[in-house]
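# Coordinates in review
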Amino acid sequence: MTDAFQERESRILDAAFDLIVRYGYDKTPVGEIAEAAGVSKGAIYLHFPSKTALFEALLQREVQNYMTAWMKRIAADPNGGTFGGVYKHILGAINANPFMQAMFKQDRRVLGKHIKQADKMFDEAHAVRTRAMFIQQMQAADVVRDDVDPYITAYLMTTFVSGGMAMDDMVADENIPSFDDLMTAMGEMMDGYLSDGETASNSEAGKRVIRETLTSYYGN
């Protein structure tokens, strides 16, 4: 694959990102994506055999961008490996990416017919089980107290993530606290509940668990 081919594909995905987030998948014709990317409609199909394939490539890219942003935030934060830090930076990475916001909220306006893909990707029962296993790993690394129930904690965490994503649509803008303040308060609340007061000293152990978990899931 040549550099020119990759560069054109990136422009197509960038254009699709902007238009789908703004107008939604169903109201974004391939021709408009081509025009915004500065390519012909035929050129789109050299890269993607269908509009659905284009959406799936965009989803794959944005999930990777979200994971990369999350890990960068954790690595840059001395307390990023605490459970509160993990949660805070998950929300921060989602909030910085409007496409991922739509996926987490399962926004039908943005996703259109691909809402079922969001349902599958963010299956809450699976999310709770996955987070419970992660909490057990954090307990083994002495980041989370041994006496907390992993499943109950994972259930609460899933509720917080889902609720936090939905609140912006339920509360008037002027009544919503700043996102930074919300993240800080939530992180402190999670650490206050889950730690024994020594989470800062265990942050590096937590970061190691996160890296190992991502490697097991994504192989890098």
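Only a predicted model underlies this, so the values are computations on that prediction, with no experimental measurement involved. (Residues numbered from 1 in each chain as written. Predicted model: local features only at pLDDT ≥ 70, side-chain atom pairs only at ≥ 80, totals over all residues. Heavy atoms only, no water.)

Okay, the nonpolar core next. Membership of the largest hydrophobic core comes to 61 residues, with the highest contact counts inside it found for W70, F83 and F99. Those residues within four positions of W70 in sequence are excluded, and the remaining contacts are V86, H89, I90, A93, I210 and L214. (Core = buried A, V, L, I, M, F, W, Y, C linked by side-chain atoms within 4.5 Å. Buried < 20%, exposed > 50% of the residue type's maximum accessible area, 1.4 Å probe, protein only. Contact = heavy atoms within 4.5 Å.)

A few words now on the packing of helix 1 (residues 3-23) against helix 4 (residues 51-76). Look at helix 1 against helix 4: their axes get within 10 Å of each other, and the N-to-C directions meet at 90 degrees. When the interaxial angle is binned, helix 1 and helix 4 end up roughly perpendicular. On helix 4, the residues that touch S10, I12, L13, D14, A16, F17 and I20 of helix 1 are L54, F55, A57, L58, R61 and E62. For the contact of helix 1 with helix 4, the per-class residue count stands at nine nonpolar, one polar and three charged. (Axes fitted to C-alpha atoms, helices over the stretch in contact; angles between N-to-C directions. Helix = DSSP H or I, 4+ residues; strand = E, 2+ residues; numbered from the N terminus. Parallel < 35°, antiparallel > 145°, perpendicular 65-115°, else oblique. Nonpolar A, V, L, I, M, F, W, Y, C, P; charged D, E, K, R; others polar.)

The next thing to look at is the environment of E32. Tracing the sequence through the fold places E32 in helix 2 (residues 30-37). Along the chain, E32 and A16 lie 16 residues apart, while their C-alpha atoms are 8.8 Å from each other.

Before going further, it helps to examine helix 5 (residues 83-95). Across its 13 residues, helix 5 extends 18 Å between first and last C-alpha, which sits within 8% of the 18 Å expected from 1.5 Å per residue. Judged by how many residues are buried, helix 5 sits mostly within the fold: eleven of 13 residues are covered. When helix 5 is considered as a whole, its buried residues turn out to be F83, G84, G85, V86, Y87, H89, I90, L91, G92, A93 and I94. (Expected span 1.5 Å × (residues − 1).)

Within the fold, L194 resides in helix 11 (residues 179-194). Relative accessible area serves as the criterion here: at 1%, L194 is assigned to the buried category. For L194 and V148, which are 46 residues apart along the polypeptide, the C-alpha to C-alpha distance reads 7.1 Å. In contact with L194, other than residues within four places in its own chain, are F83, V143, V144, R145, V148 and T153.

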